[in-house]
Amino acid sequence: MTRRWTGSASVRLRSAGMLNLPKPFATLSVDVGRATLVVRPTAYTRGLPGSPWTLAPADAAEIFPVRATGLKRGVGFARPGQRAYYFWCGRAQDTVLAALEEAGFVVSQQERRPEYR
């Protein structure tokens, strides 16, 4: 059964920095063996590194809880050799991380700060 959350996202630009998309322009879908981050409008994200952002447990991506300034909480995703991108889900963070584990992903319990460089 596919589970979905709506939130905001921070995704990498080609050269440097991140594109921050506010809620409700990001949706994370988690199903057995797959996690997909869809960011709208697609005109902004088409052609960005990693787009579309789909992962499988075999991708060996790092998945971890992330906390920015204040109460901003989310989930970080980093493929080997690539910079992380973030899905900001607030209070649903624990539920999202648990769903990712149930879907077969290895999830770190160590919370990190987002890296925007």
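Above this note sits the structure.
For clarity, every value in this text was computed on a predicted model and none was experimentally measured.

Focus: the sheet that holds strand E7 (residues 85–88)
Taken in spatial order, the seven strands make up an open sheet running E4-E3-E2-E1-E7-E6-E5, and their pairing is antiparallel. Looking at strand neighbours, the two that pair on one side only are strand E4 (53–55) and strand E5 (62–67), the edges of this open sheet. Adjacent strand axes in the sheet meet at a mean angle of 30°, parallel and antiparallel pairs treated alike. Here four bridges tie strand E6 (residues 73–78) to E7, and the two strands are oriented antiparallel to one another. Bridging across to E7, glycine 76 finds its partner in tyrosine 86.

Side note on helix H2 (residues 93–102)
Quick reminder: α-helices carry 3.6 residues per turn. Residues three or four places apart thus point the same way. Every buried residue of H2 is accounted for by Gln93, Val96, Leu97, Ala99 and Leu100. The buried residues of H2 all sit within an arc of 160° when viewed along its axis, so they share a single face. Facing away from the buried side of H2 by more than 90 degrees, the exposed set consists of Asp94 and Glu102. Where H2 is buried, its residues touch strand E1 (3–12), strand E2 (18–31), strand E3 (34–39), E5 and E6. Positive phi shows up at glycine 104, right after H2, with a value of about 105°.

Calculation criteria
Residues numbered from 1 in each chain as written. Predicted model: local features only at pLDDT ≥ 70, side-chain atom pairs only at ≥ 80, totals over all residues. Heavy atoms only, no water. Pairing = 2+ DSSP bridges. Helix = DSSP H or I, 4+ residues; strand = E, 2+ residues; numbered from the N terminus. Axes fitted to C-alpha atoms, helices over the stretch in contact; angles between N-to-C directions. Buried < 20%, exposed > 50% of the residue type's maximum accessible area, 1.4 Å probe, protein only. Arc of directions from axis to C-beta. Contact = heavy atoms within 4.5 Å.

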